[in-house]
Each structure stands twice: as structure tokens, then as C-alpha cells.
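# Coordinates in review
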Amino acid sequence: MAVDTATLLVSCPDQQGLVAKIANFIYANGGNIIHADHHTDLEAGLFLSRIEWQLQGFNLPRHLINEAFGELAQRHFVTASPLQAKWKLHFSDTVPKVAIWVSKQDHCLYDLLWRIKSKELKAEVGLIISNHPDLDPIAQQFNIEYHHLPITKENKKEQELKQLELLKNAEIDLVILAKYMQVLSSDFIKEFPAVINIHHSFLPAFIGAKPYHQAYSRGVKIIGATAHYVTQDLDAGPIIEQDVVRISHRDTVQDLIRKGKDLEKIVLARGVRLHLQNRVLVYGNRTVVFG
């Protein structure tokens, strides 16, 4: 039987002995470390770490772990540097609740729903939100709430308030933009920053609309897809996962779109999986993705 684990993601100013201090915190409380990965960004002077340990036999109750580690961090990890220690604690038996946002394209939605249904992705879909009614039958097929909220320039602010209310009421942890063809406002991102988007391009190339048409007109030999966190800057958030596929001069725009859709599904699923497994640590506009 699988044993429940705790995972700690840490970023702090780099200094000697950090790995030993974190490991000793777990060892001193009876924990058995099963995964540990660390990275130092020498240019930024930043230490980043992911460490996972078994909760069986761990002396600290769950509700005290964060506070106890915080005391350790304040004593040892905070220096005169303007960078301060940051950490997040996660438990393996916690199932994140996600909302999937879509427009009219269904390939990423179907892919995510099947992966979640088959337990490949550990998450619960709380609701689906769309600016079009087209994909409601898919939500009904999977017995998931579907909310049709049309977006116009005139009602965008009002509709985003409704979206935020739906997310709050459903206790959503993560929003996945699965080909949701709307730009989220800065106000929305400030209120709910946990958003992953799939972009049908190998960012930073061909941002914005119709990237496959842009790629075709340039005669490129590869096309890509990018899963990234959403920020206030369009298609410029921290990148989680990317991949490419080769194309040739024989490929039409429709061939590019077909191949791109296949790639979008895979890259989005990878990005969401890495997030759900607490393997992504964001700092600035970059990420460290722990294997």
C-alpha cells in the first residue's frame, strides 16, 4: 500500500548547509526521505529544493509541520539578501480541485477528462466554464457542471466577477485554460493567479492569434506547443513544459493545425501533471521543474 507523503518546495538565498538543514529537520522528526532534488541559480544567488518524505512515523502532526519549518527557515534561511525564504507544503492524499475553461475546441478538454477519469492525473474537476455553449454535451457526458458565460468587451468585468465567484464556491485550486480563447484581465489574475494555459506555439515565437498561419507563412520546419502559467503579460508567463514536432514543405496549414492539436494535448497534460505533482517552483518569470 502507498504511504502518504509530504512534499516541501523551498526557495531561499543560497548559503552553505541548506541541504543538510532541511534534511535534518525531517530526520530529527522521524521522517524517511524518499525523493530529494535541489538546484542553485548562481546568477540569482538562489537555492531551490523539492523534498518528499513519508508521513508514517513522522513525529509532527500535519497541522504543525508548516509552522515548525517556518521557525527553522526564519533562523537559518533568511539573510541580509533582499530575497527571502519561501516555501509550500503539500500532502499526497490531498486531491486538488480544478476548473477547466474552454471555448469551442474540444481536443484538450476530452484529453484532460479521460486522463483524470483514468486516474492518470490526480485531480477532481469541479466545473467547466466556457464563453460558448458548444461543449456542454461533453460536460454532461462526464457529469460535470457546465457554465456558459459569454464574454464581450462590455460585460467582461461583470463576467469575470461571476467566474471568480464560481471558483470560490467550488473551492477550485487550479484553473486550466484548455483552448479558452479569451485573455484574462489583470484584475482576475491578481485575484486568482493559479492558472495554466496551453499556447499553440513554441513561445516566445508566434504569440497571439493564428500561430500556425504565421508559422506556415514563415516556412518553419518545426512547430511547437507551450504550457505556461498565466500572468498579466500576454503569453509571457513562466513556462512549465514545451515540445515540438517536425513539419515539411508538403504540409498545409491544416496539416500544421492537426499536428499542433496532437502536440497541444500532450504538452498541456504534462504541464498539468507536473503542477499537480508539486514539481514546479516559480521564481521571477522562470521555473525549475524537478524530475
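Residues numbered from 1 in each chain as written. Predicted model: local features only at pLDDT ≥ 70, side-chain atom pairs only at ≥ 80, totals over all residues. Heavy atoms only, no water.

### Considering the overall build of the protein chain
- The helix and strand tally for the protein chain stands at eight helices and 13 strands.
- Taken over C-alpha atoms, the radius of gyration comes to 21 Å for the protein chain, in line with the 19 Å a tight globule of 291 residues would show.
- Projected onto the principal axes, the alpha-carbon positions of the protein chain cover approximately 60 × 40 × 40 Å.
- Considering the protein chain as a whole, with its 291 residues, one finds that 46% of them fall into the buried category.
- For the protein chain, restricting intrachain contacts to residue pairs at least 6 apart in sequence, the fraction spanning at least 24 positions comes to 67%.
- Roughly 15,200 Å² of accessible area belongs to the protein chain as shown, and the carbon and sulfur atoms make up 52% of that amount.
- Distance from the positive charge centre (32 side chains) to the negative charge centre (32 side chains) of the protein chain: 5 Å. (Helix = DSSP H or I, 4+ residues; strand = E, 2+ residues; numbered from the N terminus. Rg over C-alpha atoms; globule rule 2.2 N^0.38 Å. Buried < 20%, exposed > 50% of the residue type's maximum accessible area, 1.4 Å probe, protein only. Contact = heavy atoms within 4.5 Å. Areas by Shrake-Rupley, 256 points an atom, 1.4 Å probe, with all protein chains shown as cover. Lys, Arg positive; Asp, Glu negative; His and termini not counted. Charge placed at Lys NZ, Arg CZ, Asp CG, Glu CD.)

### Some thoughts on helix H5 (residues 156–169)
- Between its first and last C-alpha, H5 extends 20 Å over 14 residues, near the 20 Å set by a 1.5 Å rise per residue.
- Along H5, the positions that sit buried rather than exposed are Gln-159, Glu-160, Gln-163, Leu-164, Leu-166 and Leu-167. With its buried residues spanning 160° around the axis, H5 presents them on a single face. Projecting away from the buried face of H5 at angles above 90 degrees are the exposed residues Lys-157, Leu-161, Lys-168 and Asn-169. (Expected span 1.5 Å × (residues − 1). Arc of directions from axis to C-beta.)

### Considering the UniProt feature "active site" (unreviewed entry) in the protein chain
- With numbering matched to this structure, UniProt assigns "active site" (unreviewed entry) to Asp-235.
- Along the polypeptide, Asp-235 turns up in the loop between strand S10 (222–229) and strand S11 (239–246).
- Assessed through its relative accessible area of 14%, Asp-235 is described here as buried. (UniProt positions renumbered as here; feature names shortened; annotations may be inferred.)

### Looking at the packing of aromatic side chains
- Enumeration according to the criterion identifies seven aromatic pairs in this entry.
- With 5.1 Å between their ring centres and 75° between their planes, Trp-114 and Phe-142 make a pair best called edge-to-face. With Trp-114 in helix H3 (residues 107–117) and Phe-142 in the loop between helix H4 (136–141) and strand S7 (146–148), the pair connects residues that are 28 residues apart, well separated along the chain.
- Assessed through its relative accessible area of 44%, Trp-114 is described here as partly exposed.
- Residue class for Phe-142 comes out buried when judged on its relative accessible area of 16%.
- Members of the aromatic cluster, connected to one another through ring pairs, are Trp-101, Tyr-180, Phe-188 and Phe-192.
- Arg-62 extends its terminal NZ or CZ atom over the ring of Phe-91, reaching a point 4.9 Å from the ring centre. (Phe/Tyr/Trp six-rings, centres within 6.5 Å; stacked < 30°, edge-to-face > 60°. Lys NZ or Arg CZ within 6 Å of the ring centre and 35° of its normal.)

### Quick look at the domain arrangement of the protein chain
- Taken domain by domain, the protein chain holds domain 1 (5–91) and domain 2 (97–289).
- Here the C-alpha centre of domain 2 lies 31 Å away from the C-alpha centre of domain 1.
- Tallying the contact residues gives eleven residues for domain 1 and eight residues for domain 2.
- Between domain 1 and domain 2 lies a buried interface of about 790 Å² when both sides are counted; carbon and sulfur atoms form 60% of it.
- Broken down residue by residue, the surface that domain 1 buries against domain 2 is led by Leu-9, Leu-48 and Arg-50, which jointly contribute 49%.
- Between Arg-286 and Asp-41 there is a salt bridge, with the nearest N and O atoms lying 3.5 Å from each other.
- Taken together, the links from domain 1 to domain 2 amount to five residue pairs in polar contact (both at pLDDT 80 or more).
- If you list the elements that add at least two residues to the side of domain 1 that touches domain 2, you get strand S1 (5–13), strand S2 (32–41) and strand S3 (46–54).
- Here the side of domain 1 that touches domain 2 is composed, by residue class, of four nonpolar, five polar and two charged. (Domains from an automatic or database assignment. Buried area = accessible area lost by both parts, 1.4 Å probe. Salt bridge = Lys/Arg side-chain N within 4 Å of Asp/Glu carboxyl O. Polar contact = N/O pair within 3.5 Å; in protein donor to acceptor, adjacent residues only side chain to side chain. Nonpolar A, V, L, I, M, F, W, Y, C, P; charged D, E, K, R; others polar.)

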